[in-house]
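Coordinate inspection notes
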Amino acid sequence: MIVIEAAGIGRAVAAQLAAQGHLVLLGGRRIEEFERFAAQLRDRGGSAFAAYLDLAEPRSINQFLAAAHYLIGTADVLITDVGLAGPAGEGPDSAGVGAQILATRVIPAMIARGSGDVVLVGPELAGVSCAAAQRKVDAWLAALDAEFVGTGVRASVVRSAQAGAFARTAEAGRLLAGMATESRLRLVEMLPAAGAAR
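Reading the values: rules and limits
- Residues numbered from 1 in each chain as written.
- Predicted model: local features only at pLDDT ≥ 70, side-chain atom pairs only at ≥ 80, totals over all residues.
- Heavy atoms only, no water.
- Helix = DSSP H or I, 4+ residues; strand = E, 2+ residues; numbered from the N terminus.
- Buried < 20%, exposed > 50% of the residue type's maximum accessible area, 1.4 Å probe, protein only.
- Contact = heavy atoms within 4.5 Å.
- Expected span 1.5 Å × (residues − 1).

Helix and strand counts for the chain stand at six helices and seven strands. The order of α-helices and β-strands along the chain, N terminus first, is β-α-β-α-β-α-β-α-β-α-β-α-β. The proportion of buried residues among the 198 residues of the chain is 51%. A fraction of 74% describes how many contacts in the chain between residues 6 or more apart in sequence connect residues 24 or more apart.

Shown next, in the form of structure tokens:
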């Protein structure tokens, strides 16, 4: 389950996961764009779907979760930008609250199953660069780490290695997909900035 409003990153992750044979559900407000992209992934042999999701609207979250249950069953992985790229002007962090509501509805099945991954997208990858957004992601990671002790569920974050820098979309997509599917210790992965030398 991919819930990232920064469409480029969302598409890059979905493409990587679908190419590896994973069932993918994209959630976001740009439903026409996500549906077209999911159709392209299906044309390439992948299994991908899209469902409308506006994290600022509780009814939308309920409808998205009903669609998710129908389309993919329970999620093994949640990749989210924690509402950082949510709609502007809809109250103080309404998308962030919606992201928390979504997570509290998806994560219990992972805990009950004893496995799963929650991968947080760092602010730079979500197209946001400010200290408050960084603190928000860090707070989410700390809370998830505490919640997941002994459950078999892992929490990770992928962010740019250089504060305020934006990473390459394709690299971010590969890394986000890898964080959710490869055997690993829980890590904070860092991406080089888009302009960094290789």
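What follows concerns helix α5 (residues 131-148). The end-to-end C-alpha distance of α5 is 26 Å, a good match for the 26 Å that 18 residues give at a rise of 1.5 Å each. Two residues or fewer past α5, Gly-150 is found with a positive phi of approximately 75 degrees.

Between its first and last C-alpha, helix α3 (residues 58-72) extends 21 Å over 15 residues, near the 21 Å set by a 1.5 Å rise per residue. Immediately beyond the C-terminal end of α3, within one or two residues, lies Gly-73, with a positive phi of roughly 80 degrees.

Within the secondary structure, Ala-99 sits in helix α4 (residues 94-113). Judged by its relative accessible area of 4%, Ala-99 is buried. Once you skip the residues sitting within four places of it in the chain, Ala-99 turns out to touch Leu-55, Val-82, Gly-83 and Trp-140.

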